[in-house]
Amino acid sequence: MRLVLLGAPGSGKGTQAARLKDYLHVPHISTGDLLRAEVAAGTPLGLQAKEVMARGDLVSDEILLGMLEDRFSRDDTKAGFILDGYPRNLAQAAALDALLAKLGQKFDAAVQLEVDNEQIIDRLAGRAQAEGRADDSPESVRHRLNVYDQQTAPVIKFYRDHGQLTIVDGVGTLDEVFHRILAAIGQAQTTA
Ligand code: AP5
């Protein structure tokens with residue numbers, strides 16, 4: 001299974017991708033996690049990305065594509081993947097298509113987790129208190145939501161127009177959302 005998980009900041013992409021990875025036995029590729037690992041390791045790329053991420057802006061398409069090509073060169077992606085946090089603009093959507101075409105692959109579905117902004121702000125305020133992620137401050141969250149509306153919303157339309165989009169209600173318990181995603185991608189659990 002090759003999945004692209006879309007949704008606003010705090011819509012639950014990372015949470016659900018972690019579950020889907022175990023269920024579908026394919027790697028979870030989170031561009032946010034890859035970038036945070038670079039920041040934590042203090043690499044030149046991490047140093048470049050750190051301030052951009054804290055502000056809630058997008059890191060350059062060039063850096064992202066390099067990271068993604070590197071990750072997709074590993075054998076574990078051959079059987080499938082769950083891509084979380086990419087693409088975030090139309091240029092990245094085109095780059096993903098080109099990368100997959102080069103690898104002789106296509107993704108099966110783009111799943112959009114829908115959560116209203118009020119709930120997102122509550123969730124990220126909770127995570128700011130619990131984990132102190134640099135970009136969960138109220139100003140950064142507001143900015144991330146604007147960046148999402150301006151740059152990522154066109155990607156949703158692009159996949160919708162191409163008949164590749166599946167919308168899933170992201171509000172509910174973790175189990176409820178998980179089962180909705182499985183049903184949407186035709187992998188619903190059957191009782192033995
Ligand atoms: P990234 O890490 O991708 O952040 P994001 O998209 O803003 O997503 P989050 O991790 O905040 O949210 P999520 O949807 O994964 O939700 P989660 O499961 O964590 O990117 C961070 C930054 O990196 C970007 O701003 C950018 O700078 C850079 N970047 C990354 N990719 C890039 C790209 N392609 N191009 C350029 N730059 C890029 O859940 C959030 C919270 O809600 C958690 O506390 C969770 O416990 C809780 N929660 C989850 N589900 C539920 C539920 N059903 N009910 C209640 N609470 C829930």
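Above this note sits the structure.
Every value quoted in this text rests on a predicted model; they were computed, and no experiment measured them. (Residues numbered from 1 in each chain as written. Predicted model: local features only at pLDDT ≥ 70, side-chain atom pairs only at ≥ 80, totals over all residues. Heavy atoms only, no water.)

Here we take up the site of the ligand. Near the ligand, the surroundings consist of 29 residues, among which Thr 15, Asp 57, Arg 88, Arg 127 and Arg 144 are the closest. Between the ligand and Lys 13 there is a distance of 2.8 Å, counted from an oxygen atom to a side-chain nitrogen or oxygen. Within the contact set of the ligand, an oxygen atom lies 2.7 Å away from a side-chain nitrogen or oxygen of Arg 127. Look at the ligand: alone it shows 1000 Å² of surface, and the protein chains cover 87% of it. Mapping the ligand onto the cavity grids shows that it belongs to the largest pocket. Mapped by element, the contributors of at least two residues to the shell around the ligand are α1 (13-24), α2 (31-41) and α6 (117-131). It is α2 that provides the largest number of residues to the shell around the ligand, a total of four residues. Considered class by class, the residues forming the shell around the ligand number nine nonpolar, eleven polar and nine charged. (Near = heavy atom within 4 Å. Polar contact = N/O pair within 3.5 Å; in protein donor to acceptor, adjacent residues only side chain to side chain. Areas by Shrake-Rupley, 256 points an atom, 1.4 Å probe, with all protein chains shown as cover. 1 Å grid on protein atoms, 1.4 Å probe; cavity = no way out; pocket = protein on both sides within 12 Å on 5 of 7 lines; lining within 4 Å. Sits in = over half its atoms within 2 Å of the grid points. Helix = DSSP H or I, 4+ residues; strand = E, 2+ residues; numbered from the N terminus. Nonpolar A, V, L, I, M, F, W, Y, C, P; charged D, E, K, R; others polar.)

Enumeration over the complete set of coordinates arrives at four aromatic pairs. Centre to centre, the rings of Phe 107 and Tyr 159 are 5.4 Å apart; their planes meet at 80°, and the pair counts as edge-to-face. Note that Phe 107 is positioned in the loop between α5 (90-102) and β4 (109-114) and Tyr 159 in helix α7 (residues 138-161), a separation of 52 residues in sequence. One aromatic cluster is present, formed by Phe 107, Phe 158 and Tyr 159 through successive ring pairs. If you follow Arg 19 out to its NZ or CZ, it ends over the ring of Phe 178, 5.6 Å from the centre. (Phe/Tyr/Trp six-rings, centres within 6.5 Å; stacked < 30°, edge-to-face > 60°. Lys NZ or Arg CZ within 6 Å of the ring centre and 35° of its normal.)

Counted under the stated rule, the structure contains one cavity of 30 Å³ or more. Put simply, the largest cavity is a space of about 60 Å³. Sorting the residues of the lining of the largest cavity by element identifies β1 (2-7) and α7 as the ones contributing at least two each. With three residues, β1 is the largest single contributor of residues to the lining of the largest cavity. Its residues placed into classes, the lining of the largest cavity shows five nonpolar, three polar and two charged. (Points joined across faces, edges and corners; volume = space filled by probe spheres on them.)

Moving on, we get to the layout of surface pockets. Of the volumes computed, that of the largest pocket is approximately 860 Å³. Contributing to the lining of the largest pocket are 42 residues, with Gly 10, Lys 13, Arg 127, Arg 133 and Arg 144 lying nearest its centre. Sorting the residues of the lining of the largest pocket by element identifies α1, β2 (28-30), α2, α6, α7 and α8 (174-184) as the ones contributing at least two each. For the lining of the largest pocket, the leading source of residues is α2, giving five residues. Tallied by class, the residues present in the lining of the largest pocket amount to twelve nonpolar, 18 polar and twelve charged.

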